[in-house]
Amino acid sequence: MTDDQVLVGQAAVDQLLEVLDLVPTGTRSFRGMSPPVGPQRVYGGQVAGQALVAAGRTVDPERVVHSLHGYFVRPGDPVEPIEYEVESIRDGRSFSVRRSVALQHGEPIFFMSASFQRPEEGLDHHAPVPPDVPAPDQVPTMSDRLARYPERLGVWGQIPRPIDVRYVGEPGWVRPGDRPADPHQRVWMRIDGKLPDDPLLHACALTYASDLTLLDSVLSVHGEVWGPGGVVGASLDHAVWFHRPFRADEWFLYDCWSPSASGARGLATGRLFTIDGRHIASVVQEGLLRRVGA
């Protein structure tokens, strides 16, 4: 399947906006849907992004999300609606805390806690952006990379691509043996179209994107790949800290590495930088990783 048959650019972004635009079903309850074409189970970044939308809609819009912590407890069914229930934990003078639960068939598939803060001034510092990383226009596009591996297309050749993803090194879906071991995985990303000027929506879009490549950094340490002859995996939990204002429809570098893997689990962490070097978010995730035959 070629790019002219896959939803890309603003059309794909508009579909993503529809996915994130939950339908209210009560004071603190919402309903979300999955895209009409997608993987066999609900993509983790989607349910995390939708859960954050639900939580954010119950908070004073002047308070911005600064962190979320979630657990994936059951695989989601992409053909069934997802019900979101939000519990108000606390509304203080500076912070609001919410618990957002995603349910299908009456059982939770994901739950998260999210904290929102009234804007304040304070100390400001951050570690520098990694040096000598090529600019996004200097690394191959997703289409360029997929053209080299038509047999590895799989779902990538079918699902919409609302995110422009450009790997600095080799991605995890190349052929076994084609990926050199690398302690870091670095990826340029941006929402591949224009988003409305809503900080919550940009945070939800970044949350959606943050689950896409992070766990791959565990495999990168070993030069391993996804799929036949490599590894299969699933996200177990996901945490994001938002540090500074940003736009998810502008380039950001996702600098990821894995400090540990053992017991069929791998820990991955990542920092996100704007193209001018501002550290906008940090992400940590643990995933289940199991070897599979060729």
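On a predicted model such as this, the values are computed, not experimentally measured, just so you know.

Conventions we followed
- Residues numbered from 1 in each chain as written.
- Predicted model: local features only at pLDDT ≥ 70, side-chain atom pairs only at ≥ 80, totals over all residues.
- Heavy atoms only, no water.
- Helix = DSSP H or I, 4+ residues; strand = E, 2+ residues; numbered from the N terminus.
- Rg over C-alpha atoms; globule rule 2.2 N^0.38 Å.
- Buried < 20%, exposed > 50% of the residue type's maximum accessible area, 1.4 Å probe, protein only.
- Expected span 1.5 Å × (residues − 1).
- Core = buried A, V, L, I, M, F, W, Y, C linked by side-chain atoms within 4.5 Å.
- Contact = heavy atoms within 4.5 Å.
- UniProt positions renumbered as here; feature names shortened; annotations may be inferred.
- Phe/Tyr/Trp six-rings, centres within 6.5 Å; stacked < 30°, edge-to-face > 60°.
- Pairing = 2+ DSSP bridges.

In this section: the overall build of the protein chain. When you go through the protein chain residue by residue, the secondary structure sums to five helices and twelve strands. Since a compact globule built from 294 residues should have a radius of gyration of about 19 Å, the 18 Å found for the protein chain is in line with a globular shape. Projected onto its principal axes, the C-alpha positions of the protein chain cover 55 × 45 × 40 Å. Residues classed as buried in the protein chain amount to 50% of the 294 residues present.

What follows is about helix H2 (residues 44–56). Between its terminal C-alpha atoms H2 stretches 18 Å, which fits the 18 Å expected from 13 residues at 1.5 Å a residue. Counted residue by residue, H2 has 13 buried out of 13 residues, so it is predominantly covered.

Before going further, it helps to examine the nonpolar core. Among the nonpolar cores identified, the biggest contains 67 residues, and Leu 52, Tyr 84, Phe 110 and Phe 242 are the most heavily contacted of them. At eight residues, the largest contribution of residues to this core is made by helix H4 (residues 199–210). Other than its neighbours up to four places away in sequence, Phe 110 contacts Val 47, Ala 48, Ala 51, Gly 70, Tyr 71, Phe 72, Val 73, Ser 100, Val 101 and Ala 102.

Let us now look at helix H1 (residues 9–20). For H1, built from twelve residues, the straight-helix expectation of 16 Å at 1.5 Å per residue is met to within 8% by its first-to-last C-alpha distance of 17 Å. Buried within H1 are the following residues: Gly 9, Ala 12, Val 13, Gln 15, Leu 16, Leu 17, Val 19 and Leu 20. For H1, the secondary structure elements touched by its buried residues are H2, strand S8 (184–191) and H4.

On to the UniProt feature "domain: Acyl-CoA thioesterase 2 C-terminal" (unreviewed entry) in the protein chain. The UniProt entry lists residues 177–288 under the feature "domain: Acyl-CoA thioesterase 2 C-terminal" (unreviewed entry), expressed in the numbering used here. Overall, residues 177–288 shows 17% helix and 46% strand. The separation of its end C-alpha atoms is 22 Å.

Let's shift gears to the packing of aromatic side chains. Under the definition given, this model contains five aromatic pairs. Ring geometry for Tyr 43 against Tyr 208: centres 5.0 Å apart, planes inclined by 75°, an arrangement best described as edge-to-face. One end of the pair, Tyr 43, is in the loop between strand S2 (29–32) and H2; the other, Tyr 208, is in helix H4, and 165 residues separate them in sequence. Neither residue differs from the other here; Tyr 43 and Tyr 208 are each classed as buried.

Bridge count for S2 against strand S4 (residues 82–91) is four bridges, and the pairing is antiparallel. Bridge pairing in S4 places Phe 30 opposite Tyr 84. Of the strand pairs in this sheet, S4 and strand S5 (residues 95–104) are connected by eight bridges, and their pairing is antiparallel. When the bridges of S5 are listed, Arg 90 appears paired with Val 97. The turn joining S4 and S5, which pair antiparallel and follow one another in sequence, is formed by three residues.

Relative to strand S6 (residues 107–117), strand S3 (residues 64–72) runs antiparallel, the two sharing eight bridges. Directly across from His 69, in S6, lies its bridge partner Ser 113. Pairing between S3 and strand S9 (residues 231–242): five bridges, direction antiparallel. Residue pairing in the sheet places Leu 68 in a bridge with Val 240 of S9.

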